Amino acid sequence: MVNRCKRPQITGYIYDSETKRPIENCQVGEVLSQSNGYFSLKEKRYRQFTFFGFEAPTLAVNEPVKKEGYEVQNIQFMQPFGGGMKKGAFHNADTIYIKKNILKSN
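Counting from 1, residues in each chain are numbered in the order their sequence is written. Totals for whole chains, interfaces and linings use every residue, but because this is a predicted model, local features are given only for residues with pLDDT of at least 70 and side-chain atom pairs only at 80 or more, for both listing and counting. The basis for the side-chain values is all heavy atoms of the structure; hydrogens and waters are excluded.

Trainee: Explain the nonpolar core here, please?
Mentor: Grouped burial of nonpolar side chains is what soluble globular proteins tend to show. Put simply, buried Ala, Val, Leu, Ile, Met, Phe, Trp, Tyr and Cys residues joined by side-chain atoms within 4.5 Å make one nonpolar core. For each residue, the accessible area found with a 1.4 Å probe, counting protein chains only, is set against the maximum for its type, and the residue is called buried under 20%, exposed over 50%, and partly exposed in between. I10, I14, F39, I75 and I98 are the most contacted members of the largest nonpolar core, which has 18 residues in total. By definition, residues are in contact when any of their heavy atoms lie within 4.5 Å. For I14, the contacting residues outside a window of four places in its chain are R21, P22, I23, C26, V28, S33, G37, F39, V65, I96 and I98.

Next comes the structure, spelled out in structure tokens:
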């Protein structure tokens, strides 16, 4: 059995793309951003039965970024052998700018 990385710890900030101000209570994966826009998703791991010499599986991350009144975005990245990352794996998503929804009127 080996311990695989399902998702590294992901941290970053959510900002409004127009005002360049932080957005509070924006849903990022299973957490909400703080008043300064900061969020931190915990690392997720799983156990996998493997044979010696087998390569680590691909790591594919896709976490939704949602806030009412804004367009939905995703934190997405892929690493070919990322599933083999050791415990304490980390990804800095930096600053994510989200756009307000533009309501269409007839």
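Trainee: Looking at this structure, I do not really get the pairing of strand β8 (residues 73-79). What am I missing?
Mentor: Two faces, one strand: in a regular strand the side chains alternate between the faces of the sheet. Pairing geometry for strand β7 (residues 59-66) and β8, over seven bridges, is antiparallel. What sits directly across from L59, in β8, is Q79. Between β7 and β8, which pair antiparallel and follow one another directly, the connecting turn spans six residues, one of which, G69, has a positive phi of 90 degrees. Two strands qualify as a pair provided DSSP detects at least 2 bridges between them. Each helix is a run of DSSP H or I of at least 4 residues and each strand a run of E of at least 2, with the numbering of both proceeding from the N terminus.

Trainee: Help me understand the packing of aromatic side chains, please; the structure alone is not making it clear to me.
Mentor: The relative placement of two aromatic rings is captured by the distance of their centres and the angle of their planes. Aromatic pairs are defined between Phe, Tyr and Trp rings, using the six-membered ring for Trp, whenever the two ring centres lie within 6.5 Å; interplanar angles under 30 degrees are classed as stacked, those over 60 as edge-to-face, and all others as tilted. Taken as a whole and judged by the stated rule, the model has two aromatic pairs. Think of it as a cone above the ring: NZ of Lys or CZ of Arg counts as a charge over the ring if it is within 6 Å of the ring centre and within 35 degrees of the ring normal. It is K20 that lies over the ring of Y97; its NZ or CZ is 5.3 Å from the centre.

Trainee: Would you explain the pattern of salt bridges in this entry?
Mentor: A pair can form between side chains of opposite charge whenever their charged atoms are brought close. Salt bridge criterion: a side-chain nitrogen from Lys or Arg within 4 Å of a carboxyl oxygen from Asp or Glu. Considering all chains together, one arrives at four salt bridges under this definition. For R45, the salt bridge is made with E43, and the minimal N-O distance between the two is 2.6 Å. We classify R45 as partly exposed; its relative accessible area is 21%. You can call E43 partly exposed: its relative accessible area is 22%. Shared partners join several salt bridges into a network, and the residues in it are R7, E30 and E63.

Trainee: Sorry if this is basic, but what is going on with the sheet that holds strand β9 (residues 90-98) here?
Mentor: Here three strands make up an open sheet; going across it, the order is β5-β2-β9 and the pairing mixed. For this open sheet the edge positions go to β5 (38-41) and β9, each flanked by a neighbour on one side alone. Between one strand axis and the next, the sheet turns through 20 degrees on average, direction left out of account. By the bridge criterion, four bridges tie strand β2 (residues 9-16) to β5 in an arrangement that is antiparallel. Bridge pairing in β5 links G12 to F39. Here an angle of 0 to 180 degrees is reported between the N-to-C directions of two axes, which are lines fitted to C-alpha atoms, with helices fitted over the stretch in contact.

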